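Here are the chains, one letter per residue:
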Amino acid sequence: MTLNPLKVKVKNALRLDRAIRLVWRACPGWMGISTGLIIIEGALPLLSLYLVKLIIDSVSELIVSKTGGTSFVGNDFSDITLYIGAAAAVGLVAALCRFFSDYAKKAQAVAVSDHTYDVLHAKSVSVDLAYYESPEHHDTLHRAQQEGPYRPTSIVNGLTLVGRNGASLLAILGLLAVFNPFLTMVLVAAAIPGVLMRLGYSRRLYSWQVKRTENERKAQYFNWMMTNGGYAREIRLFGLGNHFIQQFNNIRTLLRNEKLWFEKRRALGDLAARSSTTIAVFGSLVYIAAQTINGHITLGDMVMYFQAFQRGLAYLTSFLEGVASLYEDNLFLSNFYEFLDIQPEVKDPTSPSPVPAKITKGFSVEGITFRYQNCENKVLAYVNFYIGPGEVVALVGENGAGKSTLVKLLSRLYDPTDGAIRLDGTDIREFSVTEYRKKISIVFQDYIRYYLTVRENIRFGDIDSEPTDAAIHQAATKAGICNYISGLRDDFDTPLGRWYKGGEELSVGQWQMIAMARAFFRNADLVILDEPASALDVNTEARIFENFKGLIENRSALIISHRFSTVKLADKILLLHDGKIAEQGSHEELMNLGGKYSELYRKQAGQYA
């Protein structure tokens, strides 16, 4: 998972094809309608200018005729009325097209924004767990989340603007080229400085944002801590509020000052660009007026060509600014593409082997070694052990010994650096990742609290399974939480937490029992419990683990715990020390061995004594 260098991103920003494809996939119908409206709107300004010329010339001829003594006749005004009516009709058609175009643009923007969220969410849940444990990748994700949802909407607006102004510009340039090709060159030259300034500004702003992403994330983190209920107690108890506020303000002040410096440079560039366009407009008026006075063109022609130059310059400026805006949007959207281009390392084989319907031989861990990305030290080194069908295995060890890492490898959130994990003799890397994970149910030490209903919290253990009342109740009963849930206002349909109206907050131990119910709801062949009793009271722990084999219905289990009262009930105990299995056996065998396990057990037992 490598990050694209800045030069590659800038180069990719010149490609609008990915942005156009993104819009097309989100809403092909609306994009087709917008394209048709853009073509019509592009031709209308030229028709409007020509009708204005006809009106002015007709009025001039009538004035000259009247000055020469010719009386005014009503029929002489009929042509003028016709031209004015036609001009009004063109204006109404333009207004109608603009109405439909704006509606289509908004419909596109909403569709593209929603589509982008879908793509972002799908990618977020498919990338490897390792992605979320890398600071550099957190920066990439942050930029993708910041830019992804709204940049495509800006691209839709930019494409509409470029298309509309481009179509009108082509018509105007054709008209000016017939009159004097030199005016078209002046028009283009007047608009270029502003665009070059905008492009340079976009590149510098993008480079600055990439550089300051970590600062943005840190400020966001301070804001989150100060507004999240999980931090409220310690912030008040230790008086951390003012400290975090100051840290947040320091970062935001730095970012604000640097951003304002960029805005000042951009404003000066805009001033220079507008000055050049003003000089060009009135310089062209001098030339067009001189041609009119010398009799080369009529008064109507003068108005038409001058307005054509004015509008052409406006269209060209808007067109080039639209292109620059698309360049900027696509440059920032490259963050989104960079995130989408990440390929998982934990992935399905080309031809997955079928996962056994029922495990007969068990799980075999064979000489696995593992180190985290950008880390030289091995977390696990040549670990070997076996979990048989229906066997309860306990894993103990000091903090940092590699217990949680071993769980991630067994559940294939990571693949080992060396060695293999086999299920019924087949390397788990030969299975479909999704199908293999269905064989495992886990309660992590840092389990998730879903602020949704009790039923949903339990059902998430197996989202593909039918959440019947009987199955939900059975899982809650096994976890020892069913009686408490039955006393809630809406029973299993009661929302948990205080985030939403009517929610009920649980104690830490009750949340842990909900997480265990979620694990029991899944009909998996291996149940993994990582510190399952850390928040449970003594009675609840005893009630669950005295008949643990009955609760898991003779499935295999791996229990990770620092509580030896839980561990001693296992069929086999593994002591993990410095990334290696230092001892293994039953409780009695390890106590008789008199090694590290015995030492740890006696220390804990001595505290109770």
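Residues numbered from 1 in each chain as written. Predicted model: local features only at pLDDT ≥ 70, side-chain atom pairs only at ≥ 80, totals over all residues. Heavy atoms only, no water.

### A short note on the sheet that holds strand β6 (residues 440-443)
Taken together, the 6 strands give an open sheet; going across it, the order is β6-β7-β8-β3-β9-β10, and neighbouring strands pair in mixed fashion. In the strand order of this sheet, the two ends are held by β6 and β10 (580-585), each with one partner. Taken pair by pair, the neighbouring strands of this sheet meet at an average axis angle of 20°, ignoring direction. With 4 bridges connecting them, strand β3 (residues 392-396) and strand β8 (residues 556-560) associate as parallel partners. (Pairing = 2+ DSSP bridges. Helix = DSSP H or I, 4+ residues; strand = E, 2+ residues; numbered from the N terminus. Axes fitted to C-alpha atoms, helices over the stretch in contact; angles between N-to-C directions.)

### Here's the deal with the pattern of salt bridges
One pass over the structure, following the stated rule, counts 14 salt bridges. Where E435 meets K438, a salt bridge forms, and the shortest distance between an N and an O atom there is 3.4 Å. Owing to a relative accessible area of 39%, E435 belongs among the partly exposed residues under this scheme. Given a relative accessible area of 35%, K438 falls into the partly exposed group. Its salt-bridge partner being K439, residue D525 comes within 3.1 Å of it at the nearest N-O pair. Highlighted residues: D525 in the loop between α17 (508-521) and β7 (526-530) and K439 in the loop between α13 (433-437) and β6, separated in sequence by 86 residues. (Salt bridge = Lys/Arg side-chain N within 4 Å of Asp/Glu carboxyl O. Buried < 20%, exposed > 50% of the residue type's maximum accessible area, 1.4 Å probe, protein only.)

### Digging into the pairing of strand β4 (residues 418-423)
The pairing of strand β1 (residues 363-370) with β4 spans 5 bridges and is antiparallel. Among the inter-strand pairings, F363 is bridged to a residue of β4, identified as L423. Sheet topology note: the β4/strand β5 (residues 426-427) ladder contains 2 bridges and is antiparallel. Each bridged residue has a counterpart across the sheet, and for L423 the counterpart in β5 is T426. Hairpin connection from β4 to β5: 2 residues lie between these consecutive antiparallel strands, with D424 at a positive phi of about 50°.

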